Amino acid sequence: MIKKWTIAGIVYLLLVIGGYGIYTTTFQPDTTPYMEEKNH
Amino acid sequence: MSQSVKETTLQISGMTCAACAVRIEKGLKKLDGVEEANVNLALERSSIKFDPAVTNVSALENKVRDLGYEVVTEKSEFDISGMTCAACSTRVEKGLNKLEGISSANVNLALERATVEYNPSIISKTDIIKKVEALGYGAHLKQDESKQEAADHRQQEVERQTGKFIFSAILSLPLLWAMVGHFSFTAFIYVPDMFMNPWVQFALATPVQFVIGKQFYVGAYKALKNKSANMDVLVALGTSAAYFYSLYLSFASIGGNAHTVELYYETSAVLITLIILGKLFEARAKGRSSEAIKKLMGLQAKTAVIERDGLEQEVSLDEVIVGDIIHVKPGEKIPVDGIIVEGQSAIDESMLTGESVPVDKKFDDEVIGSTINKNGFIKIKATKVGKDTALAQIIKVVEEAQGSKAPIQRLADQISGIFVPIVVGIALITFLIWYFMVVPGDFAEALEKMIAVLVIACPCALGLATPTSIMAGSGRAAEFGILFKGGEHLEMTHRINSVILDKTGTVTNGKPVLTDVFPTDSFVEAEFLSLVGSAEKQSEHPLAEAIVAGIKEQGIELKDVQSFEAIPGFGIKATVEGKDLLVGTRKLMNKYEISISDSLEKMDTLEREGKTAMLVAVDGKFAGMVAVADTIKETSKAAVKRLKDMGLDVIMITGDNQQTAKSIAAQVGIDHVIAEVLPEGKADEVKKLQAEGKKVAMVGDGINDAPALAVADIGMAIGTGTDVAMEAADITLIRGDLNSIADAIFMSKKTIKNIKQNLFWALAYNSLGIPIAAVGFLAPWLAGAAMAFSSVSVVLNALRLQKVKL
């Protein structure tokens, strides 16, 4: 039971990260203004 | 209560707080035919008294399910033999389905197997097997199942909650990481760009909200359906508000710069994670507080070697029936209660009586299940099996005590029942004040304060405060051989200020021995003793048994008795070989107008020595006297001193005369003696003390003291737990030692103190938390953590009772 939930959590997290990666490399949204503001 | 009232226990799952327990109680009580319903949140168990003519167990179970909770049942498989056709399997199925406590029974003819779902607190596997056998077929528990330990549903619950916690923690941590970027003092921490994206946050928060948080929505729905509100309502309201508001902002940000929006996904996700963590700790702690029962159950042997059809075979304990001959090798546990039919051995009974010295047992002696056979091979005949064994009775008493409610808990239940609606009201007011007055127009800020109020106000700690302490306290007491019958007795015991001790069997060993024989000149000693012994043989009084044993030791033959009558408090009247015999007290002799003036001096001397002299008359004339003396328990003196040091008034009560009583009392240090009291008079003496405003505990061996035990504020029975004593008294002291009385009072004091601490902290926590949250000093996630912490701290405080040293 514990193992099942742990694997499900990690897999889902990786899917979200992977999905975001694919999205950004495909559409390349411009995040520069925010990062500049944050790092300022 | 009418005679026809039945009592049943249901194991219930799905309760989250005291409000749930109250709701089930109310729902059950509304049913026709239900006289009393008690729900214990910590044990997840309900005990119900109902009239079987009006309602039945399935109706009760259905009601619980209607209210939105589950009734836990057990499933077992049985191998059925002797079925030849479909009609047979239908017959077995119908027969089983008719039994009370069985939810469903399915019989598969091809597999020769019956799958039965049943309520283990109503019906046992043995009962099911018996029913099948009564129908004319053979039944055995499926082989692999008989060896398999019953799966503990609590353990499964812990595992499920652990899994859920890990899952939601994995998804909440990135959200928490993103959140630190919002604070000015933690802005230096690097936050990956990805986690700031509202749609990534949405993707992470959604499963937590609806997969892990489903239990809160379901719980809230069930509660609202039944027109009440519980902690699930608070959690569902709080987290949904945060989640859906963030979702709205996410949509609103489409087209603009999504990263600059302040979102609250982490509030809902972290909150759910923390509440699950709290529940996980709670489930673990609850499991630990029922350890006492597990320990007791662990004492039981798992299998027994029985002799059937001339063959030795090992069977599971469930299959042993009364009358079976059981083989017990040295070092093995005796599986069930029985009597020795062959062999002799020393038996270690320490697990039940606390007495560490093994007891020698021989042919015809009783043995108790779960005690250990030390050194000899014995065969025993089973006399009590299953639910009737001494150990099963002890487990039942402890379970009932742990499941019962102390009066102090009713208050907590009432408070938590009305708490939730009030909190929702306060939360709404908080929102309105913030939105219109403090930060006009700032919806997010006002929402955040409202969520914090909703979350901090959850009354879980309040609901757990009393039952966890009662469980831990009574469980710990049971380990020392002190069985409280209910929470109310555990609460009452600490108020005791007077202790009445019965003499025989309580202060003394209750095993007197024959010490002196004085026949008059007209009798030869042997003849005199033969007459007395024959008459006393019929009596079950301990003094009579001592006389008979003493006479038998001298090799004197006993005669047949034509008639016998016991006159309680006076003595006996019997006819032996045509002679009319009276054996007993002065009062008996006076009653029959027998002159005893010559013997009074001798009698006084014996009584001054603490001996009990019994006068004997034959055919209306005084014939002599016999004296017996009881020995005082080694521990009695120290125990009485301990009670006195605790500031208690210690009184000894006995049917013996003043002199004997005073002599014994002086030896153990008791100043206050009530002597020459008839069995029914003991209850009156208790009432007299109560009339003086005293809280009285009566301690006795439970048989002749039963009325006094019942009348006293607290009745304590001394015994091994095998006799009627356990029924009559509020507390059973399994160890014969009087130190148990002080231990019981001490344990009660500790438990009540613990309950008060718990109630104080739970209430203080809620009442302090709400204003702090309303004023805005508490972030929602911090409120969630505090709430989880409060439940855990209450449970941990209760668990301290398990470490109490007596």
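Residues numbered from 1 in each chain as written. Chains lettered and ligands numbered in written order. Predicted model: local features only at pLDDT ≥ 70, side-chain atom pairs only at ≥ 80, totals over all residues. Heavy atoms only, no water.

A. Focus on the overall build of chain A. The helix and strand inventory of chain A stands at 2 helices and 0 strands. Of the roughly 3100 Å² of accessible surface on chain A, a fraction of 67% belongs to carbon and sulfur atoms. (Helix = DSSP H or I, 4+ residues; strand = E, 2+ residues; numbered from the N terminus. Areas by Shrake-Rupley, 256 points an atom, 1.4 Å probe, with all protein chains shown as cover.)

B. Molecular detail of the overall build of chain B. If you tally the helices and strands in chain B, you get 30 helices and 30 strands. In chain B, which comprises 806 residues, the share counted as buried stands at 55%. (Buried < 20%, exposed > 50% of the residue type's maximum accessible area, 1.4 Å probe, protein only.)

C. Structural detail: unusual backbone geometry. All names here are of chain B. Unusually for a residue other than glycine, Ser370 sits at a positive phi of about 80°. Tracing the sequence through the fold places Ser370 in the loop between strand 15 (366-367) and strand 16 (372-373). Since its relative accessible area comes to 2%, Ser370 is described here as buried. You will see that Glu676, though not glycine, has its phi angle at about 55°, which is positive. Residue position: Glu676 is located in the loop between strand 27 (672-674) and helix 26 (679-691).

D. Molecular detail of the interface of chain B and chain A. Taken together, the contact between chain B and chain A spans 26 residues of the former and 17 residues of the latter. Remark: the boundary between chain B and chain A carries 0 salt bridges. Taken together, the elements giving at least two residues each to the side of chain B that touches chain A come down to helix 6 (153-180), helix 7 (193-196) and helix 8 (198-212) of chain B. No other element matches the 10 residues that helix 6 of chain B contributes to the side of chain B that touches chain A. Classifying every residue of the side of chain B that touches chain A gives 16 nonpolar, 6 polar and 4 charged. (Contact = heavy atoms within 4.5 Å. Salt bridge = Lys/Arg side-chain N within 4 Å of Asp/Glu carboxyl O. Nonpolar A, V, L, I, M, F, W, Y, C, P; charged D, E, K, R; others polar.)

E. Summary view of the pattern of salt bridges. Residue and element names in this part refer to chain B. All told, the structure shown has 24 salt bridges over all chains when counted by the stated rule. When the shortest N-O distance is used, the salt bridge between Glu445 and Lys449 registers 3.2 Å. Of this pair, Glu445 and Lys449 are both found in helix 16 (residues 443-456), 4 residues apart, which corresponds to roughly one turn of the helix. In this structure, Arg495 engages Glu491 in a salt bridge whose closest nitrogen and oxygen atoms are separated by 3.7 Å. Looking at Arg495, the relative accessible area reads 41%, which means it is partly exposed. Among the charged side chains, a salt-bridge network with shared partners connects Glu307, Glu342 and Lys379.

F. Inspection of the pairing of strand 11 (residues 325-328) of chain B at higher detail. As defined by bridge partners, strand 9 (residues 303-308) of chain B adjoins strand 11 of chain B across 3 bridges and the pair is classed as antiparallel. Note on strand 11 of chain B: the bridge partner recorded for Glu307 of chain B is Ile325 of chain B. (Pairing = 2+ DSSP bridges.)

G. Molecular detail of the pairing of strand 5 (residues 74-81) of chain B. All names here are of chain B. Bridge analysis of strand 5 against strand 7 (residues 113-118) gives 6 bridges, and the strand direction is antiparallel. Looking across to strand 7, one finds that Glu74 is bridged to Tyr118. Where strand 5 and strand 8 (residues 138-141) come together, 4 bridges link them in antiparallel fashion. Its bridge partner being in strand 8, Ile80 is matched across the sheet by Ala139.

H. Focus on the packing of aromatic side chains. Residues and elements named next belong to chain B. Applying the stated rule across the entire model yields 20 aromatic pairs over all chains. On the numbers, 5.3 Å between centres and 75° between planes, the contact of Trp199 with Phe251 is edge-to-face. Of this pair, Trp199 sits in helix 8 while Phe251 sits in helix 10 (residues 231-252), and the two are 52 residues apart along the sequence. We classify Trp199 as partly exposed; its relative accessible area is 33%. On the basis of an interplanar angle of 35° and a centroid distance of 6.2 Å, the ring pair of Tyr245 and Tyr264 is categorised as tilted. Within this pair, whereas Tyr245 is found in helix 10, its partner Tyr264 is found in the loop between helix 10 and helix 11 (265-289), the two being separated by 19 residues in sequence. Neither residue differs from the other here; Tyr245 and Tyr264 are each classed as buried. Taken together, the ring pairs connect Trp199, Phe202, Phe210, Tyr217, Tyr243, Phe244, Phe251 and Tyr265 into an aromatic cluster. The lysine or arginine in question, Lys449, covers the ring of Trp434, its NZ or CZ lying 5.0 Å from the ring centre. Positioned above the aromatic ring of Phe570 is the side chain of Lys591, whose terminal nitrogen or guanidinium carbon lies 5.1 Å from the ring centre. (Phe/Tyr/Trp six-rings, centres within 6.5 Å; stacked < 30°, edge-to-face > 60°. Lys NZ or Arg CZ within 6 Å of the ring centre and 35° of its normal.)

I. Structural detail: the nonpolar core. All names here are of chain B. Counting residues in hydrophobic clusters, the biggest one holds 71 residues, and the most contacted among them are Met15, Ile24, Leu501 and Ile741. Counting residues per element, this core draws most heavily on helix 29 (residues 739-775), at 9 residues. Counting residues domain by domain, this core receives three or more from each of domain 1 (6-71) and domain 3 (482-508 + 632-746). In this structure, Ile24 is in contact with Ile12, Met15, Val39, Val64, Leu67 and Tyr69, ignoring residues within four places of it in sequence. Residues Tyr243, Phe419, Met450 and Val453 belong to the second largest nonpolar core, which totals 62 residues. (Core = buried A, V, L, I, M, F, W, Y, C linked by side-chain atoms within 4.5 Å. Domains from an automatic or database assignment.)

J. Local environment of the UniProt feature "transmembrane region" (unreviewed entry) in chain B. Residues and elements named next belong to chain B. On the UniProt side, "transmembrane region" (unreviewed entry) is annotated at positions that read residues 165-190, 202-221, 233-251, 263-281, 418-438, 450-472 and 758-775 here. Along residues 263-281 one finds 89% helix and 0% strand; the C-alpha atoms at either end are 30 Å apart. Structurally, residues 758-775 is divided into 100% helix and 0% strand, and its ends, taken at the C-alpha atoms, are 26 Å apart. (UniProt positions renumbered as here; feature names shortened; annotations may be inferred.)

K. Region of interest: the sheet that holds strand 15 of chain B. Residue and element names in this part refer to chain B. Spatial ordering of the open sheet is given by 10-9-11-17-12-15, a layout of 6 strands whose pairing is antiparallel. Of all the strands in the sheet, the pair left with one neighbour each is strand 10 (311-316) and strand 15. Bridge count between strand 9 and strand 10: 6 bridges; the pairing is antiparallel. Within the sheet, the bridge partner assigned to Ile306 lies in strand 10 and is Gln313.

L. The arrangement of the environment of Glu332 of chain B in detail. Tracing the backbone through its elements, the reader meets Glu332 of chain B in the loop between strand 11 and strand 12 (337-342). Every residue in contact with Glu332 of chain B, bar those within four places of it in the chain, is listed here: His327, Thr371, Ile372 and Asn373 of chain B.

M. Spatial organisation of the side chain of Ser663 of chain B. All names here are of chain B. Position of Ser663 relative to the elements: it lies in helix 25 (residues 658-668). With a relative accessible area of 14%, Ser663 lands in the buried category. Ignoring sequence-local partners within four residues, the contact set of Ser663 consists of Glu607, Arg608, Glu609 and Gly610.

N. Region of the structure containing the confidence of the model for chain B. Per-residue pLDDT for chain B averages 83, and the proportion of residues at 70 or more is 90%. Segment residues 145-151 of chain B: pLDDT under 50, and 7 contacts once partners within four positions in sequence are set aside and those in other chains are kept. (pLDDT = per-residue confidence, 0-100.)

O. How the structure looks around helix 8 of chain B. Residue and element names in this part refer to chain B. With 15 residues, helix 8 extends 20 Å between its outermost C-alpha atoms, agreeing within 8% with the 21 Å of an ideal straight helix rising 1.5 Å per residue. Taking the largest bend as the criterion, helix 8 deviates by roughly 30°, centred on Ala205, and proline Pro207 comes between one and four positions later. Within helix 8, 11 of the 15 residues are buried, which leaves it mostly tucked inside the rest of the structure. Between the side-chain oxygen of the N-cap and the backbone nitrogen of Trp199 there are 2.7 Å, and the N-cap of helix 8 in question is Asn197. (Expected span 1.5 Å × (residues − 1). Bend = angle between axes of the 7 residues up to and from the residue. Polar contact = N/O pair within 3.5 Å; in protein donor to acceptor, adjacent residues only side chain to side chain.)

P. Here's a closer look at the side chain of Thr162 of chain B. Tracing the sequence through the fold places Thr162 of chain B in helix 6. When its relative accessible area of 11% is taken as the criterion, Thr162 of chain B is described as buried. Within polar-contact distance, the side chain of Thr162 of chain B engages the backbone oxygen of Val158 of chain B at 2.6 Å. The contact partners of Thr162 of chain B, leaving out residues within four places of it in the chain, are Ile2 of chain A together with Leu280 and Arg284 of chain B.

Q. The arrangement of the sheet that holds strand 7 of chain B in detail. Residue and element names in this part refer to chain B. Here we have 4 strands laid out as an open sheet, ordered 6-7-5-8, and antiparallel in their pairing. The strands lining the two open edges of the sheet, one partner per strand, are strand 6 (102-108) and strand 8. Within this sheet the neighbouring strands show an average axis-to-axis angle of 25°, counted without direction. (Axes fitted to C-alpha atoms, helices over the stretch in contact; angles between N-to-C directions.)

R. Geometry of the packing of helix 9 (residues 214-225) of chain B against helix 10 of chain B. Residues and elements named next belong to chain B. Contact geometry for helix 9 and helix 10: axes closest at 8 Å, N-to-C directions at 125°. The pairing of helix 9 with helix 10 is recorded here as oblique in orientation. Considering the relative orientation of helix 9 and helix 10, their crossing is left-handed. Residues Gln215, Phe216, Tyr217, Gly219, Ala220, Ala223 and Leu224 of helix 9 pack against Asp232, Val233, Val235, Ala236, Ser240 and Phe244 of helix 10. Classifying every residue of the contact of helix 9 with helix 10 gives 9 nonpolar, 3 polar and 1 charged. (Parallel < 35°, antiparallel > 145°, perpendicular 65-115°, else oblique. Left-handed = near helix turned anticlockwise from the far one by under 90°.)

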